[in-house]
Amino acid sequence: MPPTLASLVRHPGLKLSVLVGEDRLETPVRWAHVSELADPVPYMEGGELLLITAMQIEADDPEEMSRYVRRLVGAGVVGLGFALGVNYAEVPPALAAAAKEEGLPLLGVPRRTPFIAISKAVSAAIAADQYRAVTAGFEAQRELTRAAIGAEGPAALLARLAAHVDGWAALYDASGAVVAAAPDWATRRAARLTADVARLRSRPGPASIVVGGGCGPAGATGAEPAEDTAVADRVELQSLGTGRRTRGVLAVGTGAPLGTAERYAVHSAVALLTLTTERSRALQEAEQRLGAAVLRMLLAGEPDHARAVAGRLYGGLLDAPFRMLVAEVPSGGTAQQAHAAPSAADEALAEPSAEATSTSTGASTGTGTATGEAEAADPLATLIDTMEAAAARTGESVLVVPDGERLIVLAPDGGAAVEACAEHAQAVEARRGTKARPRDRAAVAAPRGDELVIGLSAPAGPIAAAAAYRQAEQALSVARRRGRMLVEHEQVAAGSVLPLLADDAVRAFADGMLRALHEHDATGRGDLVASLRAWLSRHGQWDAAAADLGVHRHTLRYRMRRVEEILGRSLDDPDVRMELWLALKATAPGPSA
């Protein structure tokens, strides 16, 4: 503890006496300062014990002393030491009365006690307190290090940290979800800070914020606080990671601001947790090359070689059915062309990017759905964090190979990573105000440039990896056209094919095919387009189509002959009828979205 007025009064070598303010002696003293100025306030920082002999002040003037003491209190001076037997044998009553009125402790300094002795005592006490803090900090660092390298890892580290700060601690993963907390009740407290964690994660690292600041019981006893007072604690959030991208967040809740020893402990925890969440760049680059090589072998139809190269790194990923996921961020809001064959993926994977492959095992951290801000800033990175975090919680392995604006993922079928991807897509679509279901063609809109589209294959094994890749690409193409974030291959054939016609090239083809008929109708010489639509919708049944149009069947026959003459194509050809029907559907106005 830093020195206080009480500890100075108890100091046997100073012989100080308490003249005013016996109930305020536990106030910490930051420094002892001597000043005979009539107004020393400009030179005060707060927390000082001011020592005076009253050489330059009118100590007998009640009004002057009232103003003098009021200014000292306003400047944060915690106590006033008055030299007895120098200029005044006793403390002037006016000064004592002003100190009592303002609640400022007034100490009597005997003539045989020099002011420098008081300054030395304060300095020595501060140094001793700092030494104790540093010693305690080093001890905390040793304990936290032993906990971090132990079997329990971050969980044990958080328990030790909570004990050192006399509060609670929690760890959030890269997606902002709570992965560990100590004591156990702190999990619920930490869950209520997800919005603040998201705010911190949106900032470039390293960064920190303070939430709250009261002196509630959360950090005072180590026991679970009452529900209505849990928010009264002071919580510091510290980002984890060596780069600008946050890899996790540490939360530390206490009942009061952290002291020097507690601050050392928190800084040590941040460093240790950063080491556990960051892999060495050399190891990361090696895993990048290895993961890309495994994927190339799978797509080339060499599952045995892929399994041999993967070894134990990917656990049982290749020994059970998996899903292939392909994701991309459309450039400028326009859909990129899908790779039609595995060889195209081989070309894309020939040189993995700097952020390329990463793997996730039970030793990694993370789970949850990222916030809208993070998703918009880097949607591919957010998806990676979400899937790897979910996989880490269950101990499953995932193979992640990013390349530029594309991402390929292998994840266990029915596992946590695939489920987290689906939940993430639903959450993002909900934030965008869309519904996660097929929509009619008129409601389909091309994705914005910062939005993600994902295609997910059906379950497959290593021998069918190439087919799974094609399925994922097909699902990705459907996701683009339907304006969806995620489409599974099982959903490709669901609903109508008509929403897939929402394409400028298809519309241009349809407009060109029907232009001559529209030009004919514009002259008022007949309604060939409507007649053609009615005839095709009735599968060539003359009477039914004529009844729909309200004309004689011979009139309809004449119109269909005119369609054949104008287009130069026979309506007896089923391919012609199909193309005309699709052209009519592609150009027909849809219902309002």
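As a reminder, the structure under discussion sits directly above these lines.
Presented here is a report on the structure given in the accompanying data block. (Residues numbered from 1 in each chain as written. Predicted model: local features only at pLDDT ≥ 70, side-chain atom pairs only at ≥ 80, totals over all residues. Heavy atoms only, no water.)

Focus on the overall build of the protein chain
Rules: Strands here are runs of E lasting at least two residues and helices are runs of H or I lasting at least four, both read from the DSSP assignment and numbered beginning at the N terminus. Summary of the burial criterion: residues with accessible area below 20% of their type's maximum are buried, those above 50% are exposed, and those between are partly exposed, where the area comes from a 1.4 Å probe applied to protein chains only. Any two residues whose heavy atoms approach within 4.5 Å at even a single point are treated as in contact.
For the protein chain, the helix and strand inventory stands at 20 helices and 16 strands. Counting across all 593 residues of the protein chain, residues that qualify as buried make up 46%. In the protein chain, the proportion of contacts linking residues at least 24 apart, taken out of those at least 6 apart, comes to 69%.

Considerations on the sheet that holds strand E5 (residues 106–109)
Definition in use: The rule for pairing is simple: two strands pair if DSSP sees at least two bridges between them. Here the axes come from fitting lines to C-alpha atoms, over the contacting stretch only for helices, and the angles between their N-to-C directions go from 0 to 180 degrees.
Taken in spatial order, the five strands line up as E1-E5-E4-E3-E2 in an open sheet, and their pairing is mixed. Looking along the sheet, the strands with just one partner apiece sit at the ends: strand E1 (17–20) and strand E2 (31–34). Sheet twist, expressed as the mean angle between neighbouring strand axes with direction ignored, is 30 degrees. Along the sheet, helix H3 (residues 93–102) makes contact with E1, strand E3 (48–52), strand E4 (79–83) and E5, crossing E1 at roughly 75 degrees.

Digging into the sheet that holds strand E10 (residues 248–254)
The five strands are arranged E7-E6-E10-E9-E8 in an open sheet whose pairing can be described as antiparallel. If you trace the sheet from one side to the other, it starts and ends with strand E7 (178–182) and strand E8 (208–212), each paired once. Neighbouring strand axes in the sheet, compared pairwise and without regard to direction, differ in orientation by 15 degrees on average. Bridging between strand E9 (residues 234–240) and E10 involves seven bridges; their strand directions are antiparallel. Bridge pairing links glutamine 238 to leucine 250 in E10. Most of the contacts of helix H8 (residues 260–277) go to E9, to which it runs at about 35 degrees, and overall it touches strand E6 (168–172), E9 and E10.

Focus: a nonpolar patch on the surface
Condition: Each patch groups residues whose relative accessible area exceeds 30% and which form no salt bridge, using 9 Å between like charges and 5 Å between nonpolar side chains of Val, Leu, Ile, Met, Phe, Trp and Tyr. Working definition of accessibility: Shrake-Rupley area with a 1.4 Å probe, residue cover restricted to the visible protein chains. The salt bridge definition used is simple: a Lys or Arg side-chain nitrogen within 4 Å of an Asp or Glu carboxyl oxygen.
A contiguous nonpolar patch, built from Met578, Trp581 and Leu582 and spanning about 250 Å² of accessible area, is present on the exposed surface. Topologically, methionine 578 is positioned in helix H20 (residues 574–587).

Topic: unusual backbone geometry
Backbone torsion omega between alanine 182 and proline 183 reads -10 degrees, so that peptide bond is classified as cis. Within the fold, proline 183 resides in the loop between E7 and helix H6 (186–191). At aspartate 166, a residue that is not glycine, the phi angle is positive and equals roughly 55 degrees. Along the polypeptide, aspartate 166 turns up in the loop between helix H5 (154–165) and E6. The backbone of histidine 539 shows a phi angle near 55 degrees, a positive value even though the residue is not glycine. Checked against the element boundaries, histidine 539 lands in the loop between helix H17 (528–537) and helix H18 (542–549). The class of histidine 539 is exposed, set by a relative accessible area of 71%.

Some thoughts on the pattern of salt bridges
In total, this model carries 23 salt bridges according to the counting rule given. The salt bridge involving glutamate 328 is made with arginine 480; its shortest N-O contact spans 2.7 Å. Taken as a pair, glutamate 328 in strand E11 (residues 322–328) and arginine 480 in helix H15 (residues 465–482) lie far apart in primary sequence, 152 residues in all. As far as the burial class goes, glutamate 328 and arginine 480 line up, both buried. Across the pair arginine 538 and aspartate 548 runs a salt bridge, and its minimum N-O distance is 2.6 Å. Highlighted residues: arginine 538 in the loop between H17 and H18 and aspartate 548 in helix H18, separated in sequence by ten residues. A relative accessible area of 36% places arginine 538 in the partly exposed class.

Topic: the nonpolar core
To keep things clear, this is the line we draw: To qualify as a nonpolar core, a set must consist of buried Ala, Val, Leu, Ile, Met, Phe, Trp, Tyr and Cys residues joined through side-chain atoms within 4.5 Å.
Counting 26 residues, the largest nonpolar core has Val294, Leu295, Leu298, Leu318, Met324, Leu399 and Leu410 as its most contacted members. Put simply, the parts of the chain that give this core at least two residues each are helix H9 (281–299), helix H10 (303–310), E11, strand E13 (398–403), strand E14 (406–412) and H15. When residues of this core are assigned to their parent elements, the largest contribution, eight residues, is made by H15. Not counting residues up to four positions away in its chain, the partners in contact with methionine 324 are Leu295, Leu299, Ile408, Val409, Leu410, Gly455, Leu456, Ser457, Ala465, Ala468, Tyr469 and Ala472.

Observations concerning the packing of H5 against H8
As a reminder, the rule being used: Our angle categories are set so that under 35 degrees counts as roughly parallel, over 145 as roughly antiparallel, 65 to 115 as roughly perpendicular, and the remainder as oblique. Amino acids outside the nonpolar list (Ala, Val, Leu, Ile, Met, Phe, Trp, Tyr, Cys, Pro) and the charged list (Asp, Glu, Lys, Arg) are all regarded as polar, and Gly is one of them.
Relative to each other, H5 and H8 sit at 170 degrees, their axes nearing to 9 Å. When the axes of H5 and H8 are compared, the pair comes out roughly antiparallel. Facing H5, whose interface residues are Pro154, Leu157, Leu161, His164 and Val165, H8 presents Glu262, Ala265, Val266, Ala269, Leu272 and Leu273. Looking at the contact of H5 with H8 residue by residue, the classes come out as nine nonpolar, one polar and one charged.

Some thoughts on helix H14 (residues 416–432)
Put simply, the rule reads: Expected span of a helix: the number of residues minus one, times 1.5 Å.
In a regular helix each residue adds 1.5 Å, so 17 residues correspond to 24 Å; H14 covers 24 Å between its end C-alpha atoms and thus fits that length. Burial in H14 covers these residues: Ala416, Ala417, Val418, Ala420, Cys421, His424, Ala425, Val428 and Glu429.

Notes on a negative patch on the surface
Threshold: His is not counted here, nor are the chain ends, while Lys and Arg score as positive and Asp and Glu score as negative. Every charge is mapped to an atom, namely NZ of Lys, CZ of Arg, CG of Asp or CD of Glu.
Taken together, the side chains of Glu58, Asp60, Asp61 and Glu63 make up a negatively charged region of the molecular surface. With respect to the secondary-structure elements, glutamate 58 resides in the loop between E3 and helix H2 (62–74). Residue classification places glutamate 58 among the exposed residues on the basis of a relative accessible area of 55%.

Quick notes on the packing of helix H4 (residues 115–148) against H8
Under the convention used in this document: The hand of a helix crossing depends on one turn: near helix anticlockwise from the far one by less than a right angle means left-handed, and clockwise means right-handed.
At a closest axis distance of 8 Å, the pairing of H4 and H8 adopts a crossing angle of 30 degrees. Between H4 and H8, the crossing angle belongs to the class labelled roughly parallel. The element H4 and its partner H8 pack so that their crossing is right-handed. Contact with H4, carried on its side by Ala133, Val134, Ala136, Gly137, Ala140, Gln141, Leu144, Thr145 and Ala148, involves Thr260, Ala261, Tyr264, Ala265, Ser268, Ala269 and Leu272 of H8 and no other residues of that element. Within the contact of H4 with H8, the residues separate by chemical class into eleven nonpolar, five polar and no charged.

Looking at the environment of histidine 554
With respect to the element layout, histidine 554 can be found in helix H19 (residues 553–567). Spatially, the C-alpha atoms of histidine 554 and aspartate 543 are 9.4 Å apart, while their sequence positions differ by eleven residues.

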